[in-house]
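Structural overview for review
Spelled out from the first residue to the last, the chains are:
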Amino acid sequence: MRIDKFICAMTDYSRSDIKRLAKEGAIRIGEHIVNDTSTKIDPSASPIYLFDNPIGSIKPRFFMLNKPQGIISATNDGHHKTVIDLLNEPKKSKLQIAGRLDKDTTGLVLITDDGQWNHCVTSPNHHSLKHYKVTVDKPLDDSLIQQFKSGLLLNGETKKTREAKLTIIDAHHAELFISEGKYHQVKRMFAACGNHVTALHRHAIGSIQLDPNLELGNYRPLTQHEVNSFND
Ligand code: URA
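These lines cover the structure that appears in this document, whether it is placed above or below. Computed from a prediction, not measured in an experiment: that's the story for all the values here.

With that settled, the discussion passes to the nonpolar core. Core analysis: the biggest nonpolar cluster contains 29 residues, and I111, V134, F148, L176, V186, M189 and F190 have the highest contact counts within it. Looking at this core, the elements that each hand over two or more residues are β5 (62–67), β7 (106–112), β8 (130–136), α4 (143–150), β10 (173–178), α5 (185–192) and β11 (197–205). Residue contacts for V134: discarding those within four places in its chain leaves H172, H173, A174, L176, V186, F190, V197, A199 and L200. Grouped together as the second largest cluster of nonpolar side chains are 15 residues, M64, A98, W117 and V227 included.

Following this line, the structure appears as structure tokens:
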């Protein structure tokens, strides 16, 4: 197979990108820099490197991102910037979002190309707890704690929400743990109690907490420990 065809298949780069990268000396077969993109290769015989990263060993990828407001949790959108647009990674078309956030919600988004892992994170059967920090416009009172625990009937639903844990921080701030991920769930839970969410931030999913060193819009790979927390 030609080296440009191989790299095209394994990355998001086009043939013309690969030609340019080859001229810049970014492509190697083993120790040898390849400038001619028509070079024939056997990827199983010697590793191909792009910017010193081996390509061909397809390892699943896992990232956490600190989503800013105004960014869409979608893989592509004709009009708005998406969380995937914030990643500087090859083969972005393979990446999926493990649990979406609304455009105006900030915080932890997990992104992977491992479909099974994504399922573990998002399937309601796995009961993974999502931890949100919530700001509301009407004062909170302690009776809500029991209402959230017993379950709320959301607009348009026939079944109550699962038991949720609400901790009131002050009159307008609370922390909420839920194990489901219904559409606009947190906003609808507060709406069901006659309140209105004015700001929402996801702090954690299961035992994966948003890294406090990640600035809004930044991301990092998950550690093996974080990945494994959903495989167990
Ligand atoms: N619940 C919501 O209402 N919005 C989110 O973005 C996440 C959970």
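A separate point is the pairing of β8. Burial of β8 is extensive: five of the seven residues sit out of reach of the surface. Bridge count for β8 against β10 is six bridges, and the pairing is antiparallel. Looking at the pairing, K130 lines up with I178 of β10. Across seven bridges, the pairing between β8 and β11 is antiparallel. Residue pairing in the sheet places T135 in a bridge with A199 of β11.

Scoring rules and cut-offs
- Residues numbered from 1 in each chain as written.
- Predicted model: local features only at pLDDT ≥ 70, side-chain atom pairs only at ≥ 80, totals over all residues.
- Heavy atoms only, no water.
- Core = buried A, V, L, I, M, F, W, Y, C linked by side-chain atoms within 4.5 Å.
- Buried < 20%, exposed > 50% of the residue type's maximum accessible area, 1.4 Å probe, protein only.
- Helix = DSSP H or I, 4+ residues; strand = E, 2+ residues; numbered from the N terminus.
- Contact = heavy atoms within 4.5 Å.
- Pairing = 2+ DSSP bridges.

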